[in-house]
Amino acid sequence: MPIHSPRAALIAVLAALLWGCGGDAKGGDAGEDGGALTIAAASSLRDAFRVHGEHTPGEERFSFAASDQLAAQIRQGAGPDLYAAADRRYAEELAAEGLVEAPLVFARNELVVAVPADSPIRSIEDLAEGGRALVIGADGVPAGEYAREAIAALDPPLREAIQAGVRSEEPDVKGVVGKLLQGAADAGFVYTTDVVAAAGALRAIPLPRGASPAIEYAIGVVASTETRERARAFAEGLLEGPGARTLAEAGFEAPG
């Protein structure tokens with residue numbers, strides 16, 4: 001459903017300015033259909049997409065944020081060429097509204113509990129101990145929605161203890177990682193790929209069987225793009241060759 005509010009409109013204007021000024025850009029030949037390729041992508045794709053962009057022709061400009069925020073910006077008129085979401089539902093909803101082409105599922109991820117590498121926490125049951133400060137994604141953010149789904153599937157005593165320990169809800173998954181790296185929380189719900197990207201600073205604790213949500217990433221070409229062929233090539237390049245290897249090295253799994 002379209003979002004109409006002064007805040008949403010302001011976000012859209014700022015996003016348009018960011019993409020128009022280049023944002024996170026890689027230089028080079030613009031390609032045969034002209035112009036830089038602007039890509040709005042979930043925060044958890046930051047490292048993998050930057051690397052993938054280095055192996056594709058032309059110039060890319062990236063805007064990384066929570067999938068729901070980026071979807072709202074597109075509804076308000078922001079104009080990226082590609083939209084990549086950490087929850088395929090957001091891309092499919094935009095496709096149903098005619099704002100993006102049929103999305104392509106290109107990767108899977110896994111939700112885990114992340115703790116600092118030297119933490120005494122060894123299992124999810126340890127989170128039930130008093131005084132544990134937890135951090136999750138905000139309501140509506142894919143990482144936050146996945147975390148709530150996982151917590152709801154736990155046995156009631158553990159579920160209630162974890163819910164009582166939540167001290168912060170972050171606007172995207174990188175905010176959760178930041179709180180952990182800063183020592184502001186004892187544990188947080190993030191993706192496997194975030195732990196990989198932390199390069200040894202964090203340790204992953206798997207969720208119990210039955211409490212791990214299915215996480216599929218989808219990418220769609222925005223209907224208003226003027227760089228359609230390059231956008232499709234970038235998206236399809238994630239499924240094989242260097243693009244697929246880049247995702248695997250970042251900790252993503254191939255789509256099922």
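All values reported here derive from a predicted model rather than from experimental measurement.

J.: Mind showing me how you'd approach the confidence of the model for the chain here?
T.: On average, residues of the chain score 89 in pLDDT, and 87% of them are at 70 or above. Note that pLDDT drops below 50 for residues 27-32; the model gives that stretch 11 contacts with residues more than four away or on any other chain.

J.: Help me out: how do you make sense of the nonpolar core in this one?
T.: Most often, soluble globular proteins have nonpolar side chains that are buried together. In this structure, Phe-49 and Phe-106 are the most contacted members of the largest nonpolar core, which totals 62 residues. If you look at the next biggest cluster of nonpolar residues, it comprises 14 residues, including Ala-71, Ala-85, Tyr-90 and Leu-94.

J.: For this particular structure, what's the right way to read the packing of helix α2 (residues 46-54) against helix α10 (residues 241-249)?
T.: Geometrically, a packed helix pair is captured by the angle between its two axes and the distance between the axes. The contact between α2 and α10 brings their axes to 9 Å, and the two run at 155°. As judged from the angle between their axes, α2 and α10 are roughly antiparallel. Once α2 is placed against α10, the crossing between them reads as right-handed. Residue-level inspection shows Ala-48, Val-51 and His-52 of α2 in contact with α10, the latter providing Gly-243, Thr-246 and Leu-247. For the contact of α2 with α10, the class distribution of residues is three nonpolar, three polar and no charged.

J.: Even after reading the chapter, I still don't get helix α6 (residues 156-165), so can you show me in this structure?
T.: For an α-helix, 3.6 residues make a turn, and residues three or four places apart therefore share a direction. If you check which residues of α6 are buried, you get Leu-158, Ile-162 and Gly-165. Buried residues of α6, seen end-on, are gathered within an arc of 60° and therefore sit on one face of the element. More than 90 degrees from the buried face of α6, the exposed residues found are Pro-157 and Ala-164. As for α6, its buried residues are in contact with β7 (134-137), α5 (142-152), β8 (166-170) and β9 (187-191).

J.: Please explain the packing of aromatic side chains as it appears in this structure.
T.: For any pair of aromatic rings, the description rests on two quantities: the centre-to-centre distance and the angle between the ring planes. What the rule picks out here adds up to eight aromatic pairs. With centroids separated by 6.1 Å and ring planes inclined at 65°, the aromatic side chains of Tyr-191 and Tyr-217 adopt a geometry described as edge-to-face. Of this pair, Tyr-191 sits in strand β9 while Tyr-217 sits in strand β11 (residues 215-221); the two residues are 26 residues apart in sequence, bridging distant segments of the chain. Across this residue pair, the class does not change: Tyr-191 and Tyr-217 are buried. With a centroid separation of 5.2 Å and 85° between ring planes, the pair formed by Tyr-217 and Phe-252 is classed as edge-to-face. Pair noted here: Tyr-217 is in strand β11 and Phe-252 is in the segment after α10, with a separation of 35 residues, a long-range link. Here Tyr-217 and Phe-252 have matching classes, each one buried. Members of the aromatic cluster, connected to one another through ring pairs, are Phe-49, Phe-62, Phe-64, Phe-106, Tyr-146, Tyr-191, Tyr-217, Phe-234 and Phe-252. Its end group placed over the ring of Tyr-90, Arg-89 keeps NZ or CZ at 4.6 Å from the ring centre.

J.: Looking at this structure, I do not really get the environment of Leu-104. What am I missing?
T.: Structurally, Leu-104 is set in strand β5 (residues 104-109). Residue classification places Leu-104 among the partly exposed residues on the basis of a relative accessible area of 26%. Filtering out sequence-adjacent residues up to four positions away, Leu-104 remains in contact with Tyr-217, Ala-218, Ile-219, Ala-235, Glu-236 and Leu-239.

J.: Teacher, can you tell me more about the sheet that holds β7 here?
T.: The strands that make up a sheet are held in pairs by hydrogen bonds between backbone atoms, and each pair lies either parallel or antiparallel. Here five strands make up an open sheet; going across it, the order is β8-β7-β9-β6-β10 and the pairing mixed. The strands lining the two open edges of the sheet, one partner per strand, are β8 and β10 (202-206). Taking each pair of neighbouring strands and ignoring which way they run, the sheet shows an average axis angle of 35°. Where β7 and β8 come together, four bridges link them in parallel fashion. Following the sheet pairing, Val-135 is matched in β8 by Ser-168. Running over the sheet, α5 touches β6 (111-116), β7, β8 and β9 and is turned about 115° from β9. The sheet contacts of helix α7 (residues 173-181) involve β6, β7, β8, β9 and β10, and relative to β9 the element is tilted by about 140°.

J.: Is there a simple way to explain the side chain of Thr-246 in this structure?
T.: With respect to the helices and strands, Thr-246 occurs in helix α10. Thr-246 sits in the buried class, given a relative accessible area of 10%. For Thr-246, the residues in contact, after removing those within four places along its chain, are Ala-48, Val-51 and His-52.

About the criteria used
Per chain, residue numbering runs from 1 following the sequence as it is written. pLDDT decides what is reported in this predicted model: residues at 70 or higher carry local features, side-chain atom pairs at 80 or more are listed and counted, and totals for whole chains, interfaces and linings draw on all residues regardless. The side-chain figures draw on all heavy atoms in the structure; neither hydrogens nor water molecules are used. Each residue gets a pLDDT score, which is the predictor's confidence in that residue and runs from 0 to 100. Pairs of residues are marked as contacts when any of their non-hydrogen atoms sit within 4.5 Å. Only buried residues count toward a nonpolar core. Its members are Ala, Val, Leu, Ile, Met, Phe, Trp, Tyr and Cys residues joined through side-chain atoms within 4.5 Å. Relative accessibility under 20% of the residue-type maximum defines a buried residue, over 50% an exposed one, and the middle range a partly exposed one, all with a 1.4 Å probe and only protein chains included. In this analysis, axes come from line fits to C-alpha atoms, helices being fitted only over the stretch in contact, and the angle between any two N-to-C directions falls in the range 0 to 180 degrees. What counts as a helix is a DSSP run of H or I of at least four residues, what counts as a strand is a run of E of at least two, and both are numbered from the N terminus. Under this scheme an angle from 65 to 115 degrees is roughly perpendicular, one under 35 degrees roughly parallel, and one over 145 degrees roughly antiparallel; angles in between are oblique. Crossing chirality is assigned from the near helix's rotation relative to the far helix, an anticlockwise turn below a right angle marking it left-handed and a clockwise turn marking it right-handed. Put simply, Ala, Val, Leu, Ile, Met, Phe, Trp, Tyr, Cys and Pro go in the nonpolar bin, Asp, Glu, Lys and Arg in the charged bin, and everything else, Gly too, in the polar bin. This arc describes the spread of directions from the helix axis toward the C-beta atoms. Stacked, edge-to-face and tilted labels apply to pairs of Phe, Tyr and Trp rings (six-membered ring for Trp) whose centres lie within 6.5 Å, assigned for plane angles under 30 degrees, over 60, and everything in between, in that order. Note on criteria: charge over ring means Lys NZ or Arg CZ within 6 Å of the ring centre, with the direction from the centre no more than 35 degrees off the ring normal. A pair of strands is treated as paired once DSSP finds two or more bridges between them.

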